[in-house]
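Chain by chain, the residues run as shown.
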Protein chains: 2
Amino acid sequence: MSTKGLMQNRPLRIIDILMFAAEAFPEQGLVSSREEGDIHRTTYPESLARASQLAHGLVEMGIRPGDRVATLAWNGYRHFELYYAISGLGAICHTVNPRLSREQMIYILNHAGDSALFIDQSLLPVVESISDDLPPGIKLVAMTDVGNVPASSLETDCYEKILAGNSRHFDWPEFAEETAAGLCYTSGTTGNPKGALYTHRSTVLHALMTIAGHQQCLKSGTAALPVVPLFHVNAWGMPYTAPIVGMSMVMPGRYLDGASLFSLMDAEKVYSAWGVPTVWAGLLKEIQNRGRPPEGFTDLVVGGSAAPRSMIEAFENMGISVNQAWGMTEMSPIGTRGQLPAPLRNAPLQERIDAKVGAGRRLFGVDFKLIGENGEELPHDGKAEGELFVRGNTIVSGYYNNDKATSAAFDDAGWFATGDIATLARDGHLIIRDRSKDMIKSGGEWISSIDIENTAISHPDIATCAVIAVPHPKWDERPILIAVPSSDNLPTLEDIHALLSAHFAKWQMPDDIVFMEDLPLTSTGKISKLTLRKKFADYVHPDFRNA
Amino acid sequence: MSTKGLMQNRPLRIIDILMFAAEAFPEQGLVSSREEGDIHRTTYPESLARASQLAHGLVEMGIRPGDRVATLAWNGYRHFELYYAISGLGAICHTVNPRLSREQMIYILNHAGDSALFIDQSLLPVVESISDDLPPGIKLVAMTDVGNVPASSLETDCYEKILAGNSRHFDWPEFAEETAAGLCYTSGTTGNPKGALYTHRSTVLHALMTIAGHQQCLKSGTAALPVVPLFHVNAWGMPYTAPIVGMSMVMPGRYLDGASLFSLMDAEKVYSAWGVPTVWAGLLKEIQNRGRPPEGFTDLVVGGSAAPRSMIEAFENMGISVNQAWGMTEMSPIGTRGQLPAPLRNAPLQERIDAKVGAGRRLFGVDFKLIGENGEELPHDGKAEGELFVRGNTIVSGYYNNDKATSAAFDDAGWFATGDIATLARDGHLIIRDRSKDMIKSGGEWISSIDIENTAISHPDIATCAVIAVPHPKWDERPILIAVPSSDNLPTLEDIHALLSAHFAKWQMPDDIVFMEDLPLTSTGKISKLTLRKKFADYVHPDFRNA
């Protein structure tokens, strides 16, 4: 019989993070590139005071513990206030991705049964377009100044009017730490979106685990730029990690092109920037145009999809440390840390880059296992490839009101199936070989589209690329390369084969190269293979063009 | 009605820390200055393998979940293995302070009802001296190599024999995170020692909170020196924080004099050293003798009692950052962090030192309140002085099997009464004014002995000092200064008054100065005011010497 200890058991609570930051780091806070077109500055004490005013307003609107309150907004201080006020009440902050299709947005707002929807002014037209299909009784609020609400067919309240005149203190309630705090739907490639329902416990632990694993990125007294949106998996936890360590946050709003980001980062001396590779490709171009990186820029955290080696190399050559953090919506989201093992930190550049390619190393608190085709557990030897399963306090135990999706996602021991095919080195270094559904099966053998993409992108005349499978009567599936050129020198298929030949067998090489001006992106900024596959539904394989 | 979220709930477990470090930081580990006289080196993977062997051995010895297993040992790799193996089984690691009095040691071993006692070879005589009063049936184990167990009247088993031949893998059980993991008795100034019973939850959260607040001290890939003993409050959590971030630990064993510490730190390039001021005074002297600090020494964490300003100044002048962390056995123990607020980090030296004097700033996860004489809550304005109460997951909710002490230690809302008189600034900066019981009441007014000590110690001819109250028929109590001189130039009482006059009123000044060769220390290395008061029981106040 184990014995219970004699320690206080205080429920972990999200609002305590902002209360701590308001006390400990009164000089830190948020810099937001506003919808209104200007730069807005605030401090953590002021954010706490306004979150308190907002909480009073939410209560007056009738929001009760357990209610879902949706947001449709870019990164900014009001969105941050909503995070804390909604969860602080014991209600659930449901962040909605503005890039979802009309159908998906209608589905998730109704599936969540949201009581209210807070909308950035530039996104009011999105809501207008689905106004007939909103959940019954939903209250709409425009996130803008009094007198600034744009003309709209919607009946909206004004954010600043809800706050105005309320007390700047709120008596935040206590509740169990397993209480739901946030809801985020995954933009799955198939089927309807599925909701991850985060708790106060999972959110606070995720923040502490992330801080422990990302000391070099989360540096007290500096500024972080979350390019990763607040509308998607809590912006990788940054609204919680930054206030705990005492970093300011620079919120880029909706303009994420290279030039806009460069100017903002340069002006605000951003130390660490977090986001997906597609955004950094744009920033890199701007840096190359200007001939220098933004002032103070030291650290880059890349997630969402893998950073190609050429991108890592370009940033590291400028002295900017690149850290890949792999994760999923179902993982809060961070599962790995990009920090190099100590023995490699002073290694030659190429060795460091070798070690930075891949998805990073396991975070304390997240357990990994690899499962083979017959359900057997595979060794963590850097070689065995299997499906990655994850377990921990920051991993979902099910999907919100979706028993079917839930029962498909877990093994008997309760581990979550990521759907990623991976290897794990002994030191926890994760290499994602492919999404199980993105693997290409040619003649009974698997080809990893990600591996080919990562090599092909190092070609100097390719800006970005994707490998997809096309049907082939003999081989079942064959890979083709879809590339966006970076110059007028279009590489030939032979050029690509020459580049790949050092790493791939002949039968693994793509059979064709097709150029596009841009690749289609998913609502979270990843390359949409689903859209590409649809686009190439009528594609004819070279073997049959003259038939 | 709040809603439960849908996240996995995995019990926080101490053994997961070592399992993580063994995977993530295989090149890091422990360097121990051994009882056997040599330097021993091991890695986290090897520590985990040996902790597994030890766990098998403990099970064979009959240790079951909930059992108390005591250790009487200095800092070293075997003590570290015991920490993880005992708690990993669901049993309770009861660390015993070798500097306790015979009576106290008998009391706590019997009060805890320990099933086994693991003893460093140099401490076997301590146990021999109390062998008649040990708990019935207790098993004794000498922590040394096979064939190296010294002749003793005790019947002991040998540590390495217990491990030998066992599997290097152990299937660690799962249990609720509130399960007791560690037991440490406070060496209180009055009454019997009281036991703090830490849980797996409190220990893991304490480690994560400490890491979040001490980024500058806990730096991945470097070495830490815990001078703070493993036998006392988990060495301030270092056996847990260092493996999570990937630091090695340099274990100084029993020799804590300046010369021994300097040599060890210099050889092992210790980055951050953690301990009480009395030890750093010795190191400082050695540094002054040698004319340089140990190589790589960058960061100093001071706790247990306050570092005097002169000590902070001396280290900061060498470029070594001093961080005061205040805490208590009842707080796991760390309650504050020493990191300066960002705006002060590049301030002139004197301003930085001004901000470093005091007990540091509130750690995320620990709540503070100040209570005045009439039970009223006082403002955190840096001025109001009251008793400090604390609350949080790392704070005790009671004392082990001691209802009387428990009921005296908490207020109605469950906050723990620290017994410290303090001020709190708006940013959480804590200044301990005095232990309530160390305040001197003169003519109905309070005098802070700590304030006077902190100023008096800046006198160049005083090495260390203490202020105690002596009885006085007119004023009830009057302060006197007891000082250890640092040179042959003994300062006069007038010299001290001149030094104090800038900060203190005439009536607050000590009425006498008495010199001693050394001050008596408590078992945890703090100046023992209790012993001093006893020593000065027959002291006659100057006002009455010629009477």
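A. Molecular detail of the interface of chain A and chain B. Facing 72 residues of chain A, the contacting portion of chain B comprises 72 residues. For the pair chain A and chain B, the two sides together bury roughly 5900 Å², of which 55% comes from carbon and sulfur. Of all residues in chain A, the largest losses of buried area upon contact with chain B belong to Met7, Gln8 and Phe364 of chain A, amounting jointly to 15% of the total for that side. The tally of links between chain A and chain B comes to four salt bridges. With its nearest N and O atoms 3.1 Å apart, the salt bridge here joins Arg362 of chain A to Glu23 of chain B. Here chain A and chain B share 36 residue pairs in polar contact (both at pLDDT 80 or more) between them.

B. Representation of the packing of aromatic side chains in the model. All names here are of chain B. Following the criterion strictly, the structure yields 26 aromatic pairs over all chains and no others. Centroid distance Trp74 to Phe231: 6.0 Å. Interplanar angle 65°. Geometry classified as edge-to-face. Of this pair, Trp74 sits in the loop between strand E3 (68-72) and helix H3 (77-88) while Phe231 sits in the loop between strand E10 (223-226) and helix H8 (233-236), and the two are 157 residues apart along the sequence. As far as burial versus exposure is concerned, Trp74 and Phe231 are alike and both buried. Ring centres of Phe118 and Tyr159 lie 6.1 Å apart, and the angle between their planes is 85°; on these two criteria the pair is classed as edge-to-face.

C. Fine view of the pattern of salt bridges. In total, this model carries 56 salt bridges over all chains according to the counting rule given. Here the salt bridges do not stand alone but share partners, grouping Arg34, Asp38, Arg50, Arg78, Glu81, Asp145 and Glu160 of chain A into one network.

D. Seen up close, the pairing of strand E2 (residues 39-43) of chain B. All names here are of chain B. The alternating pattern of E2 places His40 and Thr42 on a buried face, while none of Ile39, Arg41 and Thr43, on the opposite face, is buried. As defined by bridge partners, strand E1 (residues 29-33) adjoins E2 across five bridges and the pair is classed as antiparallel. Looking at the pairing, Ser32 lines up with His40 of E2. Linking two consecutive strands that pair antiparallel, namely E1 and E2, is a turn of five residues; a positive phi of about 105° is found at Gly37 within it.

E. Quick look at the environment of Thr144 of chain A. Residue and element names in this part refer to chain A. As for its placement among the helices and strands, Thr144 is situated in the loop between strand E6 (139-142) and strand E7 (156-158). When neighbours within four sequence positions are excluded, Thr144 is seen to be in contact with Glu36, Arg78, Gln121, Val149, Cys158, Tyr159 and Glu160. One polar contact links Thr144 to Gln121, side chain to side chain, over a distance of 3.2 Å.

F. Inspection of helix H11 (residues 277-290) of chain B at higher detail. All names here are of chain B. Taking 1.5 Å of rise per residue, the 14 residues of H11 would be expected to cover 20 Å, and the 20 Å separating its terminal C-alpha atoms lies within 8% of that figure. Looking at H11, one finds that the buried residues are Pro277, Val279, Trp280, Leu283, Leu284, Glu286 and Ile287. Along the axis of H11, the buried positions cluster into a sector of 165°, meaning they face one direction only. The exposed residues of H11 that point more than 90 degrees off its buried face are Lys285, Gln288 and Asn289. Looking at the packing, one finds that the buried side of H11 touches E10, helix H10 (258-268), strand E12 (272-275), strand E13 (299-302) and helix H12 (309-317). Following H11 by one or two positions, Gly291 has its phi on the positive side, about 80°.

G. Focus on the nonpolar core. Counting residues in each nonpolar core, the largest one holds 252 residues, and the members touching the most others are Phe118 and Trp280 of chain A together with Phe118 and Trp280 of chain B. When sequence neighbours within four positions are dropped, the list of residues in contact with Phe118 of chain A reads Leu54, Leu58, Met61, Val69, Ala70, Thr71, Leu72, Leu82, Val141, Met143, Tyr159 and Ile162 of chain A.

H. View of the relation of the copies chain A and chain B. Taken as rigid bodies, chain A and chain B are interconverted by a rotation of 180° and an axial shift of 0.0 Å, the fit giving an RMSD of 0.0 Å. Seen this way, the second copy is the image of the first under a two-fold rotation axis. Nearest to the rotation axis, the C-alpha of Leu208 of chain A is located 3.0 Å from it, this being the minimum over chain A. Of all interface residues in chain A, 100% are interface residues in chain B too; the two copies therefore contact each other through one and the same surface.

I. Focus on the confidence of the model for chain A. Put simply, chain A has an average pLDDT of 92, and 98% of its residues get 70 or more. Across the whole predicted complex the pTM is 0.88, and at the interface the ipTM reaches 0.88.

J. Examining the sheet that holds strand E19 (residues 416-424) of chain A more closely. All names here are of chain A. The strand order E17-E18-E19-E20 describes an open sheet built from four strands, whose pairing is antiparallel. At either end of the open sheet lies a strand with only one pairing partner, and these are strand E17 (366-371) and strand E20 (430-435). For this sheet, the mean inter-axis angle between neighbouring strands, taken without regard to orientation, is 50°. Relative to E19, strand E18 (residues 386-392) runs antiparallel, the two sharing four bridges.

K. Region of the structure containing the packing of helix H2 (residues 44-61) of chain A against helix H3 (residues 77-88) of chain A. Residue and element names in this part refer to chain A. Look at H2 against H3: their axes get within 8 Å of each other, and the N-to-C directions meet at 60°. For the element pair H2 / H3, the angle class is oblique. By crossing handedness, the relation of H2 to H3 is classed as right-handed. Counting all contacts with H2, which are made through Tyr44, Ser47, Arg50, Ala51, Leu54, Ala55 and Leu58, the residues of H3 involved are Tyr77, Arg78, Phe80, Glu81, Leu82, Tyr84, Ala85 and Ile86. Of the residues that constitute the contact of H2 with H3, the class distribution is eleven nonpolar, one polar and three charged.

L. Broad picture of the packing of helix H10 (residues 258-268) of chain A against helix H11 (residues 277-290) of chain A. All names here are of chain A. Axis separation between H10 and H11 bottoms out at 8 Å; the angle between their running directions is 70°. By the criterion of interaxial angle, the relationship of H10 to H11 is roughly perpendicular. Only Val279, Trp280, Gly282, Leu283, Glu286, Ile287 and Arg290 of H11 make contact with H10, whose side of the interface consists of Gly258, Ala259, Leu261, Phe262, Ser263 and Met265. Tallied by class, residues from the contact of H10 with H11 come to eight nonpolar, three polar and two charged.

M. Looking closely at the side chain of Gln508 of chain B. Residues and elements named next belong to chain B. For Gln508, the position within the fold is in the loop between helix H16 (493-500) and strand E25 (513-515). A polar side-chain atom of Gln508 sits 2.8 Å from the main-chain amide nitrogen of Ala505. Excluding residues within four positions of it along the chain, Gln508 makes contact with Ile447, Ile452 and Pro479.

The rules behind the values
Residues numbered from 1 in each chain as written. Chains lettered and ligands numbered in written order. Predicted model: local features only at pLDDT ≥ 70, side-chain atom pairs only at ≥ 80, totals over all residues. Heavy atoms only, no water. Contact = heavy atoms within 4.5 Å. Buried area = accessible area lost by both parts, 1.4 Å probe. Salt bridge = Lys/Arg side-chain N within 4 Å of Asp/Glu carboxyl O. Polar contact = N/O pair within 3.5 Å; in protein donor to acceptor, adjacent residues only side chain to side chain. Phe/Tyr/Trp six-rings, centres within 6.5 Å; stacked < 30°, edge-to-face > 60°. Helix = DSSP H or I, 4+ residues; strand = E, 2+ residues; numbered from the N terminus. Buried < 20%, exposed > 50% of the residue type's maximum accessible area, 1.4 Å probe, protein only. Pairing = 2+ DSSP bridges. Expected span 1.5 Å × (residues − 1). Arc of directions from axis to C-beta. Core = buried A, V, L, I, M, F, W, Y, C linked by side-chain atoms within 4.5 Å. Least-squares fit on C-alpha atoms with pLDDT ≥ 70 in both. pLDDT = per-residue confidence, 0-100. Axes fitted to C-alpha atoms, helices over the stretch in contact; angles between N-to-C directions. Parallel < 35°, antiparallel > 145°, perpendicular 65-115°, else oblique. Left-handed = near helix turned anticlockwise from the far one by under 90°. Nonpolar A, V, L, I, M, F, W, Y, C, P; charged D, E, K, R; others polar.

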